[in-house]
Number of protein chains: 2
Amino acid sequence: VKVQTFFSAAEAEASEMSGRTAVVIDVIRATSTIVEALANGARAIYPTVSTEEAIRLANSLGREDTLLCGERKGLKVEGFDLGNSPLEFSGDRVGDRRLVMTTTNGTRAFAAAQNAELVLVAAFLNLGAVVGRVAVLGGDLAIICAGKEGRFSLDDALCAGLLLRGLLEATEDGRHGPAVLNDASRAALSLTASFQLDVELLRRTSAGAALVEVGLGDDLLLCAQRDRHALVPEMTDRMIQVPRPGKA
Amino acid sequence: VKVQTFFSAAEAEASEMSGRTAVVIDVIRATSTIVEALANGARAIYPTVSTEEAIRLANSLGREDTLLCGERKGLKVEGFDLGNSPLEFSGDRVGDRRLVMTTTNGTRAFAAAQNAELVLVAAFLNLGAVVGRVAVLGGDLAIICAGKEGRFSLDDALCAGLLLRGLLEATEDGRHGPAVLNDASRAALSLTASFQLDVELLRRTSAGAALVEVGLGDDLLLCAQRDRHALVPEMTDRMIQVPRPGKA
């Protein structure tokens, strides 16, 4: 079983994903927000790279039950319904709605993942559930960290490392054969020995500090919560949903 | 003092380098080879991105005392005098010669560094000397890991981490003020707690395994040697030399 971690969306090649399971991680904040929104009853989330594409797609889906969500430089896009703060995605705002969402780094990671056999969405918020799901799958795995503007991001890399550690522990019976880790996977795993997940850690990351600077530091209180939800969102045809029981 | 580490040449933006000291690291193998060649008496090394540019430059420098060096997919470019194996760069081959050198990842890292105030060349081979040089400089620092095809490379990242650890120890009197580390610097530093430099470690990296595969695994015996040489090469106007005493 090959496990390849990519430390930024720029490192991941869409052409290498076919036949694999891809896990997309953007702790601050796209995948945290997606998990929170789906846990709060959103029907589906459509990631788009540009704001123009987001508007076009929301119009074609029908604006009455679709919300436009997304940020640029951390702040809500002007004219959009919601930004990218998980705290905004409460049940009364997003329940039973479809969300079109554009974010700086997260949606690029989804674009890199789209040719994979199966695309899962991970954050600290649902880490245990993702470990459980991936552990039973077997097969080659690509962990795509969104990173920040094409660069390494400690929050995403630590989440990748904890996912890997959980996975190695869950499959130490060797039922899928020995795991072959690329350099980034080995490095991510080693980060779990040095860094402890908490809000203070997230505040000191580059992405977290940028968020504090624009007054959205409270988002990190939520992003730092481990296993707040037990759901594993999947992306199919560029649409992210929680699979219905019986479908998977 | 800001210390920014970039895990691949693709992460580093040439436009951000001005006013800083940049340290370029490509353990397997460009910077190991450069340090070895200069220690063995080469006069200067000219990194180029393409083989065509290498041939043009060698012709304009004068072929009688200039060697064409470089690799593609690890192997010597056809018609070139030398490849990129540090073992080839012995005193009788390179002594008093100028070397034009093109490598896959290393020369991209030099291109990213070229706008820096000062560009230094580091490998495990000369790590202690680089730490000593950078520790007295002060000022903002960019550590540019070449990486492998735009991706994270464990050998380069560990070398960056050991450089940083040495630097923090050497300046713990705080004479340059507290160091502000970016996410990748913090991660690189943490790798030094998990990974021990030796040949076996290099063999298990992606770059090292690729080298073993093309029959050049012995190069790693040299690349893994720490502090074999005490020189710190500098790049000025795209030419890498050891500064003469009195000049620096």
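Residues numbered from 1 in each chain as written. Chains lettered and ligands numbered in written order. Predicted model: local features only at pLDDT ≥ 70, side-chain atom pairs only at ≥ 80, totals over all residues. Heavy atoms only, no water.

On to the overall build of chain A, then. Helix and strand counts for chain A come out as ten helices and eleven strands. Compactness check: chain A gives a C-alpha radius of gyration of 17 Å against a globular reference of 18 Å for 248 residues, within 12% of the reference. Its C-alpha atoms give chain A principal-axis dimensions of about 50 × 40 × 30 Å. Considering chain A as a whole, with its 248 residues, one finds that 58% of them fall into the buried category. Long-range contacts, defined as pairs at least 24 residues apart, comprise 78% of the intrachain contacts of chain A with a sequence gap of at least 6. Here chain A displays about 9,900 Å² of accessible surface, and carbon together with sulfur accounts for 47% of that area. Side-chain charges in chain A split into 26 positive and 32 negative, and the spacing between the mean points of these groups amounts to 2 Å. (Helix = DSSP H or I, 4+ residues; strand = E, 2+ residues; numbered from the N terminus. Rg over C-alpha atoms; globule rule 2.2 N^0.38 Å. Buried < 20%, exposed > 50% of the residue type's maximum accessible area, 1.4 Å probe, protein only. Contact = heavy atoms within 4.5 Å. Areas by Shrake-Rupley, 256 points an atom, 1.4 Å probe, with all protein chains shown as cover. Lys, Arg positive; Asp, Glu negative; His and termini not counted. Charge placed at Lys NZ, Arg CZ, Asp CG, Glu CD.)

A word on the relation of the copies chain A and chain B. Each copy of the chain is related to the other by a rotation around an axis and a translation along that axis. The operation relating chain A to chain B is a screw motion whose rotation component is 180°, with 0.0 Å of axial translation and a residual RMSD of 0.0 Å. In symmetry terms, the pair is related by a two-fold rotation axis. Here 100% of the interface residues in chain A have copies in chain B that are interface residues too; the copies meet face to matching face. (Least-squares fit on C-alpha atoms with pLDDT ≥ 70 in both.)

Another aspect to go through is the pattern of salt bridges. Side-chain pairing between opposite charges can occur once the charged atoms of the two side chains come close. Residue and element names in this part refer to chain A. Counting across every chain of the model gives 18 salt bridges over all chains. We note a salt bridge from E149 to K148, for which the minimum N-O separation is 3.3 Å. Each member of the salt-bridge network shares a partner with another, and the members are R43, D65 and R98. (Salt bridge = Lys/Arg side-chain N within 4 Å of Asp/Glu carboxyl O.)

Moving on, we come to the pairing of strand β4 (residues 66–72) of chain B. Residues and elements named next belong to chain B. Counting buried positions along β4 yields six of seven residues, so the element is predominantly enclosed. Pairing of β4 with strand β6 (residues 98–102), which is carried by five bridges, proceeds in the parallel orientation. Bridge pairing links T66 to R98 in β6. Alignment of β4 against strand β5 (residues 75–76), held across two bridges, turns out to be antiparallel. Bridge pairing in β5 links R72 to L75. (Pairing = 2+ DSSP bridges.)

This next bit is on the interface of chain A and chain B. When the parts come together, some accessible area is lost, and that loss is often what is quoted as the size of the interface. With 25 residues of chain A at the contact, the number on the chain B side is 25 residues. Taken together, the two surfaces of chain A and chain B that pack against each other cover about 2,000 Å², and 47% of this comes from carbon and sulfur. Three residues stand out in chain A for area buried against chain B, namely R151, D183 and R186 of chain A, and they jointly supply 37% of the buried area on that side. At the boundary of chain A with chain B, the tally comes to two salt bridges. One can count twelve residue pairs in polar contact (both at pLDDT 80 or more) joining chain A with chain B. Looking at the side of chain A that touches chain B, the elements that each hand over two or more residues are β1 (2–6), α6 (154–170) and α7 (183–194) of chain A. The biggest single contributor to the side of chain A that touches chain B is α7 of chain A, with seven residues. Of the residues assigned to the side of chain A that touches chain B, the class counts are ten nonpolar, seven polar and eight charged. (Buried area = accessible area lost by both parts, 1.4 Å probe. Polar contact = N/O pair within 3.5 Å; in protein donor to acceptor, adjacent residues only side chain to side chain. Nonpolar A, V, L, I, M, F, W, Y, C, P; charged D, E, K, R; others polar.)

Let us now look at the packing of α6 of chain A against α7 of chain A. Relative placement of two packed helices is described by the angle separating their axes and the distance separating the axes. All names here are of chain A. Look at α6 against α7: their axes get within 7 Å of each other, and the N-to-C directions meet at 90°. It follows that α6 is roughly perpendicular to α7 by the angle criterion. Across the interface between the two elements, L154, A157, L158, A160, G161, L162, L164, R165 and L168 from α6 touch S185, A188, L189, L191 and T192 from α7. For the contact of α6 with α7, the per-class residue count stands at ten nonpolar, three polar and one charged. (Axes fitted to C-alpha atoms, helices over the stretch in contact; angles between N-to-C directions. Parallel < 35°, antiparallel > 145°, perpendicular 65-115°, else oblique.)

Residues and elements named next belong to chain A. Tracing the backbone shows N105 in the loop between β6 (98–102) and α4 (106–113). The exposure class of N105 is buried, given its relative accessible area of 12%. A polar contact is formed between the side chain of N105 and the backbone nitrogen of E149, at a distance of 2.8 Å. In this structure, N105 is in contact with D26, A146, G147, K148, E149 and G150, ignoring residues within four places of it in sequence.

Turning to unusual backbone geometry, a few remarks are in order. Residue and element names in this part refer to chain A. Cis geometry marks the peptide bond from I28 to R29; its omega dihedral reads 5°. Note on placement: R29 falls in the loop between β2 (21–25) and α1 (30–39). Phi is positive for D96, close to 65°, though the residue is something other than glycine. Mapped onto the fold, D96 is located in the loop between α3 (91–94) and β6.

Here the focus is the confidence of the model for chain A. Taken residue by residue, chain A gives an average pLDDT of 94. The fraction at 70 or more is 99%. For this predicted complex, the interface confidence reaches an ipTM of 0.93, while the overall pTM sits at 0.95. (pLDDT = per-residue confidence, 0-100.)

On to helix α9 (residues 206–213) of chain B. Residues and elements named next belong to chain B. For α9, the set of buried residues is A207, G208 and L211. Taken down its axis, α9 places every buried residue within 100° of arc, on the same side. Tucked into the core, α9 has its buried residues touching α6 (154–170), α8 (199–204) and α10 (219–223). Among the residues trailing α9, G215 stands out with phi positive, at a value near 85°. (Arc of directions from axis to C-beta.)

Tallied over the entire structure, the rule returns five aromatic pairs over all chains. Seen from their ring centres, F7 of chain A and F152 of chain B are 5.0 Å apart, and the 90° between their planes marks the pair as edge-to-face. Taken together, the residues F7 of chain A in the loop between β1 and β2 and F152 of chain B in the loop between β8 (141–145) and α6 connect one chain to another. Judged by relative accessible area, which is 6%, F152 of chain B ranks as buried. Following the ring pairs from residue to residue traces out a cluster consisting of F7 and F152 of chain A together with F7 and F152 of chain B. (Phe/Tyr/Trp six-rings, centres within 6.5 Å; stacked < 30°, edge-to-face > 60°.)

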